[in-house]
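# Structure at a glance
The primary structure of each chain is shown beneath.
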Amino acid sequence: MSESVRFDRLFIGGEWVAPHSGAQISSIDPSTEEVWTQVAMADAVDVEAAVSAARAAVEGKWGRATSPTQRGALLAKLAELVRRDAKRLAEIESRDNGKPLKDTVGEMARAGDWLNFFAGAADKLNGEQIPYHPDMLAYTRLEPVGVVAAIMPWNSPILLASWKLGPALATGNAVILKPSEYTPTSMVALAALAEEAGFPPGAVNVLPGGGDVGAMLAAHPGVNKVSFTGSQGTATRIMQAAAGNLKRCAFECGGKSPFIVFADADLERALRIAVGSAFRSTGQSCSAASRIFVERPVYEQFAASLAERASRIRVGSQFDPLTHIGPQTSQMQLDKTQSYIALGLEAGAELLAGGKRPDGLERGYYIEPTVFAGADNRSRLAQEEIFGPVTAVMPFDSEDEAISLANDTSYGLVGGLWTSDVTRAHRVAARIDSGLVSVNTFRPVHYMLPYGGYKLSGLGRENGFEAMRAFTETKAVVVDLTTAMPADPFGD
Ligand code: NAD
């Protein structure tokens, strides 16, 4: 861990600054329900300071003043440091959000992969020459958008930060990272690594704080782009606040992802992936398989087997190596999950597994992996994002019905289908309304693959070169190569 990290400070303009109000965020370990650490909390004065520092960087020594190769080298260094400190960063995140340590260790390795990809991509993104007229030299320059506010959720802080930092820094933007108030700690540690990597002052700033800090950044005229991952309600509020200066907005929001199993699928494969996709990260994943549609002839068998596998998942402390899934991240998240279980029961869905606090875990925000059968796809249980370990298995009778049920949602992040019929695979994939459709696998997220949502699941795409372009403004430059005097437009 970098020597310079100060969890009681904000990281602004390359300095470790005491928060203006002196306030600290108390971070709670969700398995003990006790405060385990305190982290500095920003206010409006700190937001002003961070925006000024980021503006100074992007208009000074950073941004257009650097070469893509330099920016790539800094990102590669940051990737190396994240990998060096992976264990410590993972311990921090597990403590903050309750994810099993082996999962957070894996996320740090993946964050390193993401940063490395964008390090390598930094000098491979070019403008183009446009030969629209023989006497005109026309070309485009891809320039940084400017100051980017990266507003983060709590479920995978450093991994999701790497999705934003990578392309934003590779293209020369200055970034203000605003972690979730539930998981502020690892982002402060990441600030120290950015400092150690050698980014110039103001290129990376970290402002832990609540929704008010996010709202101030979204409304601030000195911020050029908001790159947000979180809930759809917050995205709507950001879009309204950002309208004042027509900020560029990119939103990665939630989902209610359909997982469609045809009777001709390899059911054992589908079951293994279904149980992981529904319950890994305690279901606190934007792409969780929260609606599982199964063709009628294999429905009963599939639902029973899924429930049996769900009931074998070991729930426990994030630091117990035997744990499969940990607690929910917060009391609020646990309450939300429990309220949807109650809604499912009230609406007459059949509880096949879970539904209550696990035996023997009296403290901590724990809930059992829960499987409902026979829910109505129009019910709140099947329509609203729960972000907890709850899935609903529902039958279908035809391909058309499966597609119509899958698309009957206001979300459109991820969809998956399982079949051995290759023609059907492509036919159905073409008709699912989501940013990612997988066949005989589920949510294969990769730094080279565009990721993002249709409908209320988001706006824009992260990852790959598409993400890099999204952090640039395209400037067209046109040079007249002729020397002939143009006609006087107002002459006789
Ligand atoms: P959230 O919307 O409650 O909060 C996200 C961030 O926004 C936090 O940092 C919060 O402080 C900030 N915020 C709150 N109010 C704000 C405002 N008015 N203006 C600006 N910022 C504000 O979401 P969450 O509970 O932290 O995260 C869970 C959500 O994130 C789920 O919906 C999940 O699906 C989504 N998510 C999506 C992806 C994806 O890649 N699509 C990945 C992870 C999580």
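Cut-offs applied
Residues numbered from 1 in each chain as written. Predicted model: local features only at pLDDT ≥ 70, side-chain atom pairs only at ≥ 80, totals over all residues. Heavy atoms only, no water. Buried < 20%, exposed > 50% of the residue type's maximum accessible area, 1.4 Å probe, protein only. Helix = DSSP H or I, 4+ residues; strand = E, 2+ residues; numbered from the N terminus. Arc of directions from axis to C-beta. Contact = heavy atoms within 4.5 Å. Axes fitted to C-alpha atoms, helices over the stretch in contact; angles between N-to-C directions. Parallel < 35°, antiparallel > 145°, perpendicular 65-115°, else oblique. Left-handed = near helix turned anticlockwise from the far one by under 90°. Salt bridge = Lys/Arg side-chain N within 4 Å of Asp/Glu carboxyl O. Domains from an automatic or database assignment. Buried area = accessible area lost by both parts, 1.4 Å probe. Polar contact = N/O pair within 3.5 Å; in protein donor to acceptor, adjacent residues only side chain to side chain.

### A word on helix H14 (residues 422-431)
Among all positions of H14, only Arg424, Ala425 and Val428 are buried. Around the axis of H14, the buried residues are gathered within 105° of arc, so they sit on the same side. Summarising the geometry of H14, the exposed residues directed more than 90 degrees from the buried face are Val422, Thr423, His426 and Ala430. Against helix H13 (399-407), strand S16 (414-418) and strand S17 (436-439) lie the buried residues of H14.

### Let's talk about the packing of helix H5 (residues 157-170) against helix H6 (residues 185-197)
Relative orientation of the contacting elements H5 and H6 amounts to 50°, with a least axis distance of 9 Å. In this view, H5 runs oblique relative to H6, as classed from their interaxial angle. Considering only the axes of H5 and H6, their crossing is right-handed. Here Pro157, Ile158, Ala161 and Leu165 of H5 lie close against H6, whose contacting residues are Ser186, Met187 and Leu190.

### Considerations on the pattern of salt bridges
Tallied over the full model, the rule gives 29 salt bridges. One salt bridge in this structure joins Lys87 and Glu91, with 2.9 Å as the shortest N-O distance. You can see Lys87 and its partner Glu91 sitting in helix H3 (residues 86-97), four residues apart, about one turn around the helix. You can call Lys87 exposed: its relative accessible area is 52%. A relative accessible area of 26% means that Glu91 is categorised as partly exposed. Residue Glu473 pairs with Arg248 through a salt bridge whose shortest N-O separation is 2.7 Å. Taken together, the positions of Glu473 in strand S19 (residues 472-480) and Arg248 in strand S10 (residues 248-252) put the pair 225 residues apart, joining distant regions of the chain. Classification of Glu473 as partly exposed rests on a relative accessible area of 30%. One salt-bridge network, held together by shared partners, links Arg64, Arg141, Glu143 and Lys475.

### Concerning the domain arrangement of the chain
Annotation of the chain at the domain level lists domain 1 (10-253) and domain 2 (258-439). Computed over C-alpha atoms only, the centres of domain 1 and domain 2 are separated by 31 Å. Interface area for domain 1 against domain 2, summed over the two sides, is near 2000 Å², with a carbon-plus-sulfur share of 53%. When the buried area of domain 1 at its contact with domain 2 is split by residue, Ser31, Glu33 and Trp154 rank highest and sum to 28% of it. One can count one salt bridge joining domain 1 with domain 2. Arg363 serves as the salt-bridge partner of Glu34, at 3.7 Å between the closest nitrogen and oxygen. For the pair domain 1 and domain 2, the number of links is 10 residue pairs in polar contact (both at pLDDT 80 or more).

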